[in-house]
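Residues per chain, in single letters:
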Amino acid sequence: MSESIDTAAAHADRVMARLREEIAAHGPLDFARYMELVLHAPGLGYYSAGAPKFGAGGDFITAPELGDVYARCIAQAIAPALRATAGEVLELGAGSGAFAADALAELERLGVLPARYRILETSADLRQRQARRCRHSPGSGLMSVQSRTASASKPTSQDARTFSGSSFGEYA
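Student: Account for the packing of aromatic side chains, with residues named and values stated.
Tutor: Applying the stated criterion across every chain, the model contains one aromatic pair. Taking the centre distance of 5.7 Å and the plane angle of 55° together, the rings of Tyr70 and Phe99 count as tilted. Taken as a pair, Tyr70 in helix α4 (residues 69–85) and Phe99 in helix α5 (residues 98–109) lie far apart in primary sequence, 29 residues in all. Tyr70 sits in the partly exposed class, given a relative accessible area of 42%.

Below you can see the structure in the form of structure tokens.
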């Protein structure tokens, strides 16, 4: 237990040092930049440091991690719209990819896979986990993951509509 506390304290010290460096180099941080650093700084941020986040070994658990019921319910709710429009699905912050895998399985069972299933994910670590989890899911050929590039790290009002400054990577 003491070792994990020491490790966490050392990590917190590295995050604080990175914040101090940023402030020294660029002045005060706005909230968006602060959150970007503490959540996504390569190797330091909460979602990019590599430690488990979800499940028994992580910090929290979400409904998709407990089983497929939540994803199946959402899939059944959106199936009529997909059937009518042959539309796309966009999942924001897909975590481990459990929801995507389970929702696609249910949509396939219902005979209404979307034209495309997109995931918007800022964490490189989580994008890798999603790719592994979803690689063999029904409809995985329809999937893509989107992330902000370094040049577009600050969200703009246009991002919600166009995802400007982002790039897609296909799951194979």
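Student: Pulling in residues and values, what's your account of the packing of α4 against α5?
Tutor: One can describe the packing of α4 onto α5 by two numbers: an axis separation of 8 Å at closest approach and a directional angle of 50°. Judged on the interaxial angle alone, α5 and α4 are oblique. Considering only the axes of α4 and α5, their crossing is right-handed. Residues Tyr70, Ala71, Arg72, Ile74, Ala75, Gln76, Ile78, Ala79 and Leu82 of α4 form the contact with α5, whose own contacting residues are Phe99, Asp102, Ala103, Glu106, Leu107 and Arg109. When its residues are assigned to classes, the contact of α4 with α5 shows ten nonpolar, one polar and four charged.

Student: Now, about the nonpolar core: what can you tell me, with residues and values included?
Tutor: Counting residues in hydrophobic clusters, the biggest one holds 16 residues, and the most contacted among them are Leu82, Phe99, Ala100, Leu107, Val112, Tyr117 and Ile119. Every element with two or more residues in this core is listed here: α4, α5 and β2 (116–120). Of all hydrophobic cores here, the second largest spans six residues; its members include Val15, Leu19, Val38 and Ala41.

Parameters and conventions
Residues numbered from 1 in each chain as written. Predicted model: local features only at pLDDT ≥ 70, side-chain atom pairs only at ≥ 80, totals over all residues. Heavy atoms only, no water. Phe/Tyr/Trp six-rings, centres within 6.5 Å; stacked < 30°, edge-to-face > 60°. Helix = DSSP H or I, 4+ residues; strand = E, 2+ residues; numbered from the N terminus. Buried < 20%, exposed > 50% of the residue type's maximum accessible area, 1.4 Å probe, protein only. Axes fitted to C-alpha atoms, helices over the stretch in contact; angles between N-to-C directions. Parallel < 35°, antiparallel > 145°, perpendicular 65-115°, else oblique. Left-handed = near helix turned anticlockwise from the far one by under 90°. Contact = heavy atoms within 4.5 Å. Nonpolar A, V, L, I, M, F, W, Y, C, P; charged D, E, K, R; others polar. Core = buried A, V, L, I, M, F, W, Y, C linked by side-chain atoms within 4.5 Å.

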